[in-house]
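A closer look at the structure
For reference, the chains in residue letters:
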Amino acid sequence: MDSIGSARMDGNLFLINSQGAGATSQLQAPSGSVSKLDLKAPAKARHEYEKGYRLLMKKDAPGAVAHLTKSIEIYPSFVAAHNALGTAYLNQGDAGQAVEQFNRAIALDDHLPNSYLNLGCAQIAMQKFNDAESSLKKAAAIAPMDLPLLTALTYAEFANQDYPAVVSGVKQIHGRKHEGAAVVHYFAAGAMEAQGNLAGAQSEMETLLAEAPTSAAAGEYRQMLEQIKDEEAGRVAGSNSGLNSNPQTQQKLVDAAQAVDVAFHGPTAAETFQRVQKAMQDKKEETEIAEAEAEPDATCVRCGGRPAAVSSGTAAATPDRTHDAPTATLRVAVDEVAIFFAAVDRGKAVTNLTASDVEIRDNNRAPASVVAFRNESQLPLRLGLVIDNSNSVTDRFRFEQAAAAKFLKTVLTDKDDLAFVIGVNNSVLMVQDFTADQALTAHAIDQLVPGGGTALWDAVGFAAEKLAEHSESQPVARMLVVISDGEDNSSSSTLKEAIAKAQQGEVAVYTITTRDATDKTGDGVVGDHALKTLSALTGGTAFAPGSVRRLSSGLGELQQVIRARYLVSYRPSAFQMNGAYRAIDIKAEKYGHKLTVYARKGYYASPAQSASSEQ
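Quick look at the structure, then. (Residues numbered from 1 in each chain as written. Predicted model: local features only at pLDDT ≥ 70, side-chain atom pairs only at ≥ 80, totals over all residues. Heavy atoms only, no water.)

**Regarding the overall build of the protein chain**
Note the cut-off: Numbering goes from the N terminus for both helices and strands, where a helix is a DSSP run of H or I of at least four residues and a strand is a run of E of at least two. For every residue, the accessible area obtained with a 1.4 Å probe (protein chains only) is divided by the maximum for its type, and the residue is called buried under 20%, exposed over 50%, and partly exposed between those limits. Throughout, a residue-residue contact means that at least one pair of heavy atoms, one from each residue, lies within 4.5 Å. Only the protein chains shown count as cover for residues, and the accessible areas themselves come from Shrake-Rupley with a 1.4 Å probe.
Across its full length, the protein chain holds 20 helices and 19 strands. Relative to its full complement of 615 residues, the protein chain shows a buried share of 57%. Of all intrachain contacts in the protein chain linking residues separated by at least 6 positions in sequence, the fraction that spans at least 24 positions is 75%. When the accessible surface of the protein chain is summed, it comes to about 24,500 Å², and 49% of that surface belongs to carbon and sulfur atoms.

**Some thoughts on the nonpolar core**
For the record, the criterion: Buried Ala, Val, Leu, Ile, Met, Phe, Trp, Tyr and Cys residues that are joined via side-chain atoms within 4.5 Å together make up what is termed a nonpolar core.
Core analysis: the biggest nonpolar cluster contains 111 residues, and Leu383, Leu408 and Val481 have the highest contact counts within it. The biggest single contributor to this core is helix H7 (residues 147–159), with eight residues. For Leu408, the residues in contact, after removing those within four places along its chain, are Leu383, Leu385, Ala419, Val421, Gln438, Thr441 and Ile445. Ala464, Leu467, Ala502 and Ala530 belong to the second largest nonpolar core, which has 32 residues in total.

**Details of the sheet that holds strand E12 (residues 477–484)**
Rule in force here: In short, DSSP must find at least two bridges between two strands for them to pair.
Read across the open sheet, the six strands follow the order E11-E10-E9-E12-E13-E14; overall the sheet is mixed. Unpaired on one side and paired on the other, strand E11 (428–435) and strand E14 (542–543) mark the two borders of the sheet. Two strands pair when backbone bridges link them, and strand E13 (residues 508–513) and E14 are joined in this way by two bridges, in the parallel orientation. For Thr511, the partnering residue across the bridge sits in E14 and is Ala542.

**Considerations on the side chain of Ser35**
Quick note on the threshold: Polar contacts, as used here, are pairs of N or O atoms within 3.5 Å; protein pairs need one atom able to donate a hydrogen and one able to accept it. Residues neighboring in sequence count only if both atoms are side-chain atoms.
Looking at the secondary structure, you find Ser35 in the loop between strand E2 (13–17) and helix H1 (43–57). You can call Ser35 buried: its relative accessible area is 0%. A distance of 2.7 Å separates polar atoms of two side chains, one belonging to Ser35 and the other to Asp109. Setting aside chain neighbours within four positions, we find Ser35 in contact with Val79, Asp109, Leu112 and Val449.

**Here we look at H1**
Our working definition: In this analysis, the expected span of each helix is defined as 1.5 Å times one less than the number of residues it contains. What the arc describes is the spread of directions from the helix axis to the C-beta atoms.
With 15 residues, H1 extends 21 Å between its outermost C-alpha atoms, agreeing within 8% with the 21 Å of an ideal straight helix rising 1.5 Å per residue. Among all positions of H1, only Ala45, Glu48, Tyr49, Gly52, Tyr53 and Leu56 are buried. Axial view of H1: buried residues confined to an arc of 135°, hence all on one face. Facing away from the buried surface of H1 by more than 90 degrees, the exposed residues are Ala43 and Lys44. In the core, the buried residues of H1 are packed alongside helix H2 (61–74) and helix H3 (79–91). Count one or two residues on from H1 and you reach Lys59, which has phi positive near 65°.

**Some points on H7**
For H7, built from 13 residues, the straight-helix expectation of 18 Å at 1.5 Å per residue is met to within 8% by its first-to-last C-alpha distance of 18 Å. Across the 13 residues of H7, twelve count as buried, placing the element largely inside the fold. With a side-chain oxygen lying 3.0 Å from the backbone nitrogen of Leu149, the N-terminal cap of H7 falls on Asp146. After H7 finishes, the residue Gln161 shows a positive phi value of roughly 60°.

**Some thoughts on the pattern of salt bridges**
We apply this condition: Throughout this description, the term salt bridge denotes a Lys or Arg side-chain nitrogen within 4 Å of a carboxyl oxygen of Asp or Glu.
Under the defined criterion, the tally for this structure stands at 18 salt bridges. Taking the shortest distance from any N to any O, the salt bridge between Glu100 and Arg104 comes out at 2.6 Å. With Glu100 and Arg104 both in helix H4 (residues 95–108) and four residues apart, this pair spans about one turn of that helix. The partly exposed category is assigned to Arg104, whose relative accessible area is 39%. The partner of Lys501 in a salt bridge is Glu465, with the nearest N and O atoms 3.9 Å apart.

**Observations concerning the packing of helix H15 (residues 397–411) against helix H16 (residues 438–447)**
Two quantities define a packed helix pair, namely the angle between the helix axes and the distance between the axes. Worth spelling out the cut-off: To define axes, lines are fitted to C-alpha atoms, for helices over the stretch in contact only, and angles between the resulting N-to-C directions are given on a 0 to 180 degree scale. Reported orientations rely on four angle classes, namely roughly parallel under 35 degrees, roughly antiparallel over 145, roughly perpendicular from 65 to 115, and oblique for the rest. Crossings are classed by handedness, with left-handed meaning an anticlockwise turn of the near helix from the far one by less than a right angle and right-handed meaning a clockwise turn. Polar here means any residue outside two lists: the nonpolar Ala, Val, Leu, Ile, Met, Phe, Trp, Tyr, Cys and Pro, and the charged Asp, Glu, Lys and Arg; Gly therefore counts as polar.
Their axes nearest at 9 Å, the elements H15 and H16 cross at an angle of 165°. Judged on the interaxial angle alone, H16 and H15 are roughly antiparallel. Two packed elements cross with a definite hand, and for H15 against H16 that hand is right-handed. Contacts between H15 and H16 pair Gln401, Ala404, Ala405, Leu408 and Lys409 from the former with Gln438, Thr441, Ile445 and Asp446 from the latter. Residues of the contact of H15 with H16, tallied by class, amount to four nonpolar, three polar and two charged.

Limitation: the analysis is restricted to geometry and does not speak to function.
If you want it as structure tokens, here you go:
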């Protein structure tokens, strides 16, 4: 419900443009970032807001101000109206009034990234770059994958002469898909030049030209590149000075900045829905599932562009799954394999297994020896919770919220357990970072509001990386829980890429579909298939409660699996460290009962890339 249509760099300022030309941050779509308070707005307030918003889109700022002011008079807690009114003031050139409205929006609801983004843009317009950097960093902490937002932050850091932050941020942006954000390399080049790193500046300018060869500013970019080359070669006086200390180069920097268009390219969610029909989306997702399920070459140890992760995640596979494609590499130290598994009996956790209760077959052979066997249910838990709050789950979202909050309350039982919460619609929203405080996680879940598209694979990939990168001083159990209907229509990454990140990060992904068992439509079949593939290929489990009202029951089953974790280390028979794929089959029996075992189906016999803590 935010009114900002796009952000442009004009001269050295990002100016707010409500026309909506070009694509914007998904946070700026009407359904991209909604406050729960706005759902309580009375009809008269919403009517005035809608009038004001339409006038804002028509660039009638005075008219917009009049109606939006009335809307706020009727309902002072209308967050979207404060953001829209701030934008109208900013379009009139009244940045001070704009900042006041954006600050009021933040005071009412401080978990919305678009309010901080709006505030940061207003502060840039006022040339308060230090404040702008701070505001945009807060926005980025909530929406860490939004490229237009990260581009604005990079500019604010550059304008604030926070050059190390520019270089670090651009490195992260370049490490992921960033179409339409090539200009960040320009800021990185300027930052490196200012730090005296001419070789680095040259490399960034070359990357910029490679990514945006047809940019309107390409000519200026090439001139800047030649200037840097000349300075590096020492053919220009003052070659040891940075761009900002060379008057001629400084002017080039300003001139080039004025020519750079940072209108954020790519369709908004609404345009996407209009252009891409659901049948085409289903076909795309089916293709992604097929790619993810495709069995890799048995000798492939570098599939996906990076070395396969040495995984020791909770090894679980869906009992009724129809695919047994090989998954990520397990931890292999010399000739020793370590793998997690879980065992349940009629849906209840079995927590008293011994090595004699378990049979392992590695490449159809019994192990040469079992080195260690232990119950891992007491390991500190690192849990990421991804909750789908897109339009597709609107009618069942309140059940999702209640079940998710109850699940975290029951599963986070140790003082050392930590969890974070991510909401996903058009954007990936970090609504609560790692915490042991159940009140904070419950509050974060309660603040989510359904609306917009679904960038599910972006969320899964980000969450898996976050779990993997969290510094630990002791062995922990890492797992990701995804509550969704499995539909994805807004991600920049694919299902296969999300699975690869989970595998590389040693993260088991457990999925719970919110789809009703009676839903046999194309959407339902494809979505559930995608969730099963995601869990099966990352060592997790796919749960299908059958109806959203049984969601708590499905999460209860997951809790039993989490409580029934074991780690077994063994030396395989006839083992060769040759990169070949080796199948694993684990069976367990207790008191005459054959147990259901959740375990990965195999591994590649390749050495660990580096020592890592156990999952």
